[in-house]
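Here are the chains, one letter per residue:
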Amino acid sequence: MNRLTVHTNEKTDALGDLYGIFFEDLNHAADGGLYAEMVRNRGFEFSPIDNPGYRALTAWKKIERAGAKLSLAVEKSAPLSVKNPHYLMMEIYQTGNGSGISNEGYNSGMPYIEGEKYIFSCYARADEKMVMNVALEDVDGNIYTQDEFIINNSQWSKYELTLTATKTDYCGRLVITAKNTGKLYLDMISLFPEKTFKGHGLRLDLAQLLADLKPKFMRFPGGCLIHDGSLNKDDRNALYRWKNTIGSLQDRASRRNNWGYNQSLGLGYYEYFVLCEDLGAKPIPILPAGYNPHSGQGVAYGDLQEWVDDALDLIEFANGSVETEWGSVRVRLGHPQPFNMEYIGIGNEEIGQEFFDRYEYFHKAIREKYPEIKIINSSGPFCSGTEYERGWNSARENGSDLVDEHYYTSPEWFLANCHRYDDFSKDGPKVFLGEYATWGNTYYNALAEAAYMTHLERNAAVVGLACYAPLFANVDYVNWKPDMIWFDNHRSYGSANYYIQKMFMNNQGTSLLKTESEGFTKTTVLGKPIISGEIMLEAESGVKAEFTDISVLSDGKARKYDDISVESASVHLDNVESENYVISLKAKRISGDKGFRIKFGKTDDKNFLDWTLGGWANGDCEIESNINGRTSGIIHKVFSVATGVIYDLKLEVQGRNITIYINGEKQYTVEDKQPVIEELYWTSSIDEATGEIIIKAVNVREEAVKAIIDLDGKCDVSGKVIEISGCQLDAENSFENPKAVYPAEREFSANAQFDYEFPAHSVTVFVLK
C-alpha cells in the first residue's frame, strides 16, 4: 500500500523566499497593461525606432466636425521637457461642431464604466486664451460626459479635470476640442481611472491578480529588456538604465522597448519598488552589466565604473537613509522608509566571457560595500551546455549567492527532469530559477509544472528562488506565449498555470518536514524507448547549403548517399530503426546568414530531435527535442557558421545518448531523458507561524492513486483541502470561461492517519492542524 509518513515535528530545510513572480514589459505588460494610463502615446514620442509602423501621432486622430478646420503638427522647438522634446501644435481655423483630436487608447479603445470617475490631465500653453473641451465619447462621437478648462498661460501649465462616465463602453475615445480659434500646444495628455491598486496608478484587476498570488518576491524589470540596445544611456534604444525611470513623468525619456514597441516608463523603478511593498514581495531588481549579448558590444573596462555605480546607487536608493544621496532621492519621491532590498541580479541569460569578466567588477564592489546583499549571477538561456557551465563556474569563483537559470520546454521535459536538482551540491551558490514554463496554457502544461514544482520544493537546500515566466500578456499585443495572466482593456483571467502557482505560493510553508514514502512504484514511460526514425538535412531560412560525403552507419552497415544541395528547406535522407547509429557528412554554407540542421529520430512533423549549427542569430550549436510540436533545448554551446567553410560533422546515437563532433573534435555528449510519469509527486512543509501542516500532491496519471497519509499518528487533524481535478488535459481558461481550470476548496477533518484517493490528473493541497 502507498504511504506517506510526515514527521510533523521534524523540520529539515527552510523554504525561505522560494516562490515569487517575474515582471517584464513584453506583451504590453506595462503600457496598455498593469500601468493604468489609458492614453496611448500621451507625449507624442512614438517613433519608428520603437516600431517601424510608429509615428509621432500614432493612436491620435484629427477631429473636424460640421465645418471645423484645423492643422496639427508635432514640434520640439520649445518643449515641456528636453527629455521628451515632442509636443502637439494645434491651430484652429474654424471650430465648427468640434475641432481637435481624439485618442483611441489600447485594444478596442478606452474602457469606461458607468458611474466611475476618470482623471484627465495635460500640459498646455497658448499665446491667447483658449477654451478647451474634454469629452469621453463612443467610437461614433456620442458624448458620455464632458467638461472644460481654459488655457490662459503662454508657459507650460498643468490642467486637470475629473470626468464621470455615464455609460459602460469598452471602445471609448478621449476627445479634446477647442471652443475658439487660435493656436495652442499640448503635451503629456493623460487619462487614469480614479480607482487604481492602493492608489498607486496600477490597473486594479491586474494588480489584484498579483496580490492574490501572495508572492515572496518580484523579479523586475527583465528579461532581455534590460540588456538589448545601445550602451549610451541617452540613446533612444539604450539598455535599461534605472536612473532614467524615476522622477517626474515628463522627464522620463521615452524609450524603445526591445519587444517592438514604446516604453513611456511611467512604470519605473520607484513604482516597481512600491508595487513590491504593496504585494508584500521582496524586490529583486536585475541590472545590465555594460554588455549586450545580442550584439556582442560591451563597455570598455575603463568605462565600467559608471555601470557599477548604478548598482551601488540602486542599493542606496532602496535602502539608504535620508542623509545619503540616493536615499534622499527616494524620500523626495515620497517614500521616507527604506524598501529593505535584499537581492540584486546582474545580467540576464548572459552568454560569452565578455559578460562574466565584467560581472566580477560588480560582484566585488557590491560585496565590499553591501555584504548583506545577496548577489545573483547568470547562466544563460539554456538548461545545460558551455554557457550554462560558464555561468556556474563564474558564480563559484566569485562566491555568488544564487545563479539565475532559465528554460522553456515541453511538459514531457519537465516530467523527465523532475529530479534535476537532486544531486546539486548544497555547498556554494543556490539556484534561482528565474524563468521557466512549459510551452502552453493547458491543464496538461500546468499539471506537469506542478509535478516539477514539488521537486523544486523538496530541493529547497539547493533551489532558493523560482518564478514562472512570462507574467502578463495583452491579447492584442502578443510577443510571447504562454503567459500566466491574460487581459484586454477591461477583462483579465488567470491561466491554468496561474492557479497552480497560486496554490503553491499561497501554501508554501516555512520549512520542509521529514517525510518518508513507501510504495508508489508504478511508473509510466512516455514515447518510444529509442531515438529512431527519419533523418533529414535542412538549410535554415535564407540559407543555401551543400551536404557532401554523407553516410549513415547502423547495425554494422554503412550506407552512403549522393550529395545534396538545398535552399531554405529540408530534404529526406533515410529512415533508421536502430538504437545505435552514426550520421557523418560535410556541410558548407553557400549563402545566407545562418546555418543548418540535422533532424533525426523523426516520427512525424511534431516529434523529432535536431542538431542545429548556426541557429538563432547564427550563434548556436544546440541539440533540441521536439515532442508534440513543443521544443526543449537539451544542450547548447556558442557556434557560428561561416560562408564557404566546410564543416566535417558527425552525430552518434547510442541508446538515448547523443554525441556530436565538429571537424573531428568532440563537442559534448548528452542524454535525451525519456519522459516518465511517477505514481505520485509530493512535498510536505510546515508554516511555523500558524502551525499548519501543508502537503502538496500531484497525480499526473490517468487513474486515481490511493495512499495512506500518516501525520505521526498522534492526533486528529482538521483544516482544508484545495484541489484541481476533473479537467480535460487540453482545457484552457479564457475570457468566456475563466475558471475552466480552477481549484475547489473544502473543509477536511480526519484521524492523523487517513486514507486518501488522489483523483486522476489532479493537484491537491492539504492545509491541516
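Residues numbered from 1 in each chain as written. Predicted model: local features only at pLDDT ≥ 70, side-chain atom pairs only at ≥ 80, totals over all residues. Heavy atoms only, no water.

Caption draft 1: Region of the structure containing the overall build of the chain. Along the chain, the regular secondary structure elements total nine helices and 50 strands. Relative to the globule expectation of 27 Å for 769 residues, the C-alpha radius of gyration of the chain, 29 Å, shows essentially globular dimensions. Across the 769 residues in the chain, those meeting the buried criterion constitute 61%. When the accessible surface of the chain is split by element, carbon and sulfur atoms take 45% of a total near 29,300 Å². Taken as two groups, the 78 positive and 111 negative side-chain charges of the chain have centres that lie 2 Å from each other. (Helix = DSSP H or I, 4+ residues; strand = E, 2+ residues; numbered from the N terminus. Rg over C-alpha atoms; globule rule 2.2 N^0.38 Å. Buried < 20%, exposed > 50% of the residue type's maximum accessible area, 1.4 Å probe, protein only. Areas by Shrake-Rupley, 256 points an atom, 1.4 Å probe, with all protein chains shown as cover. Lys, Arg positive; Asp, Glu negative; His and termini not counted. Charge placed at Lys NZ, Arg CZ, Asp CG, Glu CD.)

Caption draft 2: Quick peek at the packing of aromatic side chains. Summed over the entire model, instances satisfying the criterion amount to 57 aromatic pairs. Ring centres of Phe 23 and Phe 472 lie 6.1 Å apart, and the angle between their planes is 70°; on these two criteria the pair is classed as edge-to-face. Taken together, the residues span a long stretch of sequence, with Phe 23 in the loop between β2 (19–22) and β3 (60–64) and Phe 472 in strand β25 (residues 472–474) at a distance of 449 residues. Under the relative-accessibility criterion, Phe 472 is labelled buried at 1%. Seen from their ring centres, Phe 414 and Tyr 452 are 4.5 Å apart, and the 45° between their planes marks the pair as tilted. Of the two residues, Phe 414 is situated in helix α7 (residues 411–416) and Tyr 452 in helix α8 (residues 443–458); the sequence distance between them amounts to 38 residues. (Phe/Tyr/Trp six-rings, centres within 6.5 Å; stacked < 30°, edge-to-face > 60°.)

Caption draft 3: Summary view of the pairing of strand β31 (residues 544–554). Where β31 meets strand β33 (residues 564–567), four bridges bridge the pair, whose relative direction is antiparallel. If you follow Ala 545 over to β33, its bridge partner there is Val 566. Pairing of β31 with strand β35 (residues 580–591), which is carried by nine bridges, proceeds in the antiparallel orientation. What sits directly across from Ala 545, in β35, is Arg 589. By the bridge criterion, five bridges tie β31 to strand β32 (residues 557–561) in an arrangement that is antiparallel. By the bridge assignment, Leu 553 is partnered in β32 with Ala 558. Here β31 folds back onto β32, and the loop between the two strands holds two residues, one of which, Asp 555, carries a positive phi near 55°. (Pairing = 2+ DSSP bridges.)

Caption draft 4: Structural view of unusual backbone geometry. Along the chain, Gly 222 connects to Gly 223 via a cis peptide bond; the corresponding omega equals 10°. Its location among the elements puts Gly 223 in the loop between β14 (217–220) and β15 (255–257). Cis peptide bonds are those with omega within 30 degrees of zero, and the linkage from Lys 481 to Pro 482 qualifies with 15°. Despite not being glycine, Lys 214 has its phi angle at roughly 55°, a positive value. With respect to the helices, strands and loops of the structure, Lys 214 is situated in the loop between α1 (204–213) and β14. One non-glycine residue, Asn 663, adopts positive backbone phi at about 55°. By secondary structure assignment, the location of Asn 663 is in the loop between β41 (657–662) and β42 (665–671). Judged by its relative accessible area of 45%, Asn 663 falls in the partly exposed class.

Caption draft 5: Summary view of the pairing of strand β30 (residues 533–539). Burial within β30 is extensive, with seven of its seven residues counted as buried. Summarising the sheet, β30 and strand β34 (residues 570–576) pair through six bridges and their orientation is antiparallel. Its bridge partner being in β34, Ile 535 is matched across the sheet by Asp 574. Sheet topology places β30 next to strand β36 (residues 596–604); five bridges connect them, and they run antiparallel. In the sheet register, Ala 539 faces β36, and the bridge partner there is Phe 596.

Caption draft 6: Structural detail: helix α9 (residues 496–506). The element α9 is largely enclosed, with a buried count of nine among its 11 residues. Taken residue by residue, α9 has Ala 496, Asn 497, Tyr 498, Tyr 499, Ile 500, Gln 501, Met 503, Phe 504 and Met 505 as its buried positions.

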